[in-house]
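# Summary of the model geometry
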Amino acid sequence: MGSVKEYFKDLGTGVLSLLQGLQVTGKEFVTPKITERYPEDRQTYKWPDRFRAVLELIYDKDGNHKCIACGTCERNCPNGTITIESKMVDTPAGTKKKKLDRYIYDLGSCTFCQLCVTTCPTNALQFSNDFEQSVFTRSKLVKQLNYLPEKPEPELTEEQKAALAAEKEAKIAAAKAKAAALKAEREKAAAAPAGAAPAAAPAPAAPAPADDAAAKALAAAKGDPEKEAKIRAALERAAALKAQRAAQAAQNPDKTDK
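Within the secondary structure layout, Gly-71 lies in the loop between strand E1 (54–57) and helix H2 (72–76). C-alpha of Gly-71 to C-alpha of Cys-116: the two residues are 45 residues apart in sequence and 9.8 Å apart in space.

Right under this line is the structure:
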């Protein structure tokens, strides 16, 4: 008797479930169709702005991009999808500048994480909505994003040329003034020992050498005023230090060196 009850109970549950499913199916018969008619409506359909299809450089109306070849996007790409090739060029100002040579992008290994776009310091990248990228070989998925030829550096204006010339002349004048001051200082140092030699003062400008080593050093520096002046200055400092120690010893006779 119990098995008969279970049978009809399960039968009723199955019929109820079937009716619920037919109810959902019946609603779909009268629901408007939303099937996309691709590719017939590709010219009029508006793709979502957040859709990421392929990476591209942003060019302005004059054919210029903002990429400075810093390599930030290449370093942040988790799959090594981006390869930056740069080159050094000469500017009209006479300096060196790094410029983009080739921007290589492998669409086949891109995960569309957008780290390259969000970390670009100059906002030079974006993802387009062009998803029709089907090809027969993976090599065709490797794209060069800077498809336009790189433009040369713009020529300087007359104001910029004048400013650069004035800056260059100022640097040259400063270097000449520095060299002249250094030369005058050397001549003064060289003339000081020579002028003090014939003086009849009882004490010479530099103390006499205390030992043979100092005498030999002065003899070896003869003919080189700059070197001789340095040796005499060292002898003066040594004599001053010796006199200071002697004065301290005289003031404190109890504290003698052992």
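To continue, consider a nonpolar patch on the surface. A cluster of nonpolar residues, Val-4, Tyr-7, Phe-8, Leu-11, Val-15, Leu-18, Leu-19 and Leu-22, forms a patch on the protein surface that exposes about 810 Å² of accessible area. If you trace the backbone, Leu-11 turns up in helix H1 (residues 2–30).

As judged from the nine bridges shared by strand E2 (residues 82–90) and strand E3 (residues 96–106), these two strands associate in the antiparallel manner. In the sheet register, Glu-85 faces E3, and the bridge partner there is Arg-102. Hairpin geometry of E2 and E3 is characterised by an intervening segment of five residues between the two adjacent antiparallel strands and by a positive phi of about 90° at Gly-94. Direction of pairing for E3 relative to strand E5 (residues 142–144): antiparallel, over a ladder of three bridges. Counterpart to Asp-106 in the pairing with E5 is Val-142.

Looking at the element boundaries, Leu-115 is found in helix H3 (residues 115–119). Put simply, Leu-115 and Arg-75 are 40 residues apart on the chain and 10.0 Å apart in space, counted from C-alpha to C-alpha. Not counting residues within four places of it along the chain, the set of residues in contact with Leu-115 comprises Asn-76 and Pro-78.

Aromatic ring pairs are described here by two measures, namely the spacing of the ring centres and the angle between the planes. Applying the stated rule across the entire model yields eight aromatic pairs. Taking the centre distance of 5.0 Å and the plane angle of 50° together, the rings of Tyr-59 and Tyr-147 count as tilted. Of this pair, Tyr-59 sits in the loop between E1 and H2 while Tyr-147 is found in the loop between E5 and helix H4 (158–196), placing the two residues 88 residues apart along the sequence. What links up through ring pairs into an aromatic cluster is the set Tyr-38, Tyr-45, Trp-47, Phe-51 and Phe-131.

Our next topic: the nonpolar core. Core analysis: the largest hydrophobic core is formed by 22 residues, its most contacted members being Leu-55, Leu-57, Ile-82, Tyr-103, Tyr-105, Cys-116 and Leu-125. When residues of this core are traced back to their parent elements, those giving at least two are E1, E2, E3, H3 and strand E4 (125–128). Apart from residues no more than four positions distant in its own chain, Leu-55 is found in contact with Ile-82, Tyr-103, Tyr-105, Cys-116, Val-117, Leu-125, Gln-126, Phe-127 and Leu-145.

Its location among the elements puts Lys-99 in strand E3. Sequence-distant contacts of Lys-99, that is, excluding residues within four places in its chain, are made with Ala-69, Ser-86, Lys-87, Val-89, Lys-151, Pro-152 and Glu-153.

So, on to the pattern of salt bridges. Overall, the coordinates contain four salt bridges when judged by the stated rule. Lys-46 serves as the salt-bridge partner of Asp-49, at 2.9 Å between the closest nitrogen and oxygen. Of the residues examined, Asp-49 reaches a relative accessible area of 65% and is grouped as exposed. Note on Lys-46: relative accessible area 58%, which makes it exposed. The salt bridge involving Glu-85 is made with Arg-102; its shortest N-O contact spans 3.3 Å. In this pair, Glu-85 sits in strand E2 while Arg-102 sits in strand E3, placing the two residues 17 residues apart along the sequence. When its relative accessible area of 33% is taken as the criterion, Arg-102 is described as partly exposed.

Spatially, the three strands line up as an open sheet ordered E2-E3-E5, and their pairing is antiparallel. In this open sheet, the two edge strands, each paired with only one partner strand, are E2 and E5. Averaged over all neighbouring strand pairs, the angle between strand axes comes to 25°, with direction disregarded.

Rules used throughout
- Residues numbered from 1 in each chain as written.
- Predicted model: local features only at pLDDT ≥ 70, side-chain atom pairs only at ≥ 80, totals over all residues.
- Heavy atoms only, no water.
- Helix = DSSP H or I, 4+ residues; strand = E, 2+ residues; numbered from the N terminus.
- Patch = residues over 30% accessible without salt bridge, like charges linked within 9 Å, V, L, I, M, F, W, Y side chains within 5 Å.
- Areas by Shrake-Rupley, 256 points an atom, 1.4 Å probe, with all protein chains shown as cover.
- Salt bridge = Lys/Arg side-chain N within 4 Å of Asp/Glu carboxyl O.
- Pairing = 2+ DSSP bridges.
- Contact = heavy atoms within 4.5 Å.
- Phe/Tyr/Trp six-rings, centres within 6.5 Å; stacked < 30°, edge-to-face > 60°.
- Core = buried A, V, L, I, M, F, W, Y, C linked by side-chain atoms within 4.5 Å.
- Buried < 20%, exposed > 50% of the residue type's maximum accessible area, 1.4 Å probe, protein only.
- Axes fitted to C-alpha atoms, helices over the stretch in contact; angles between N-to-C directions.

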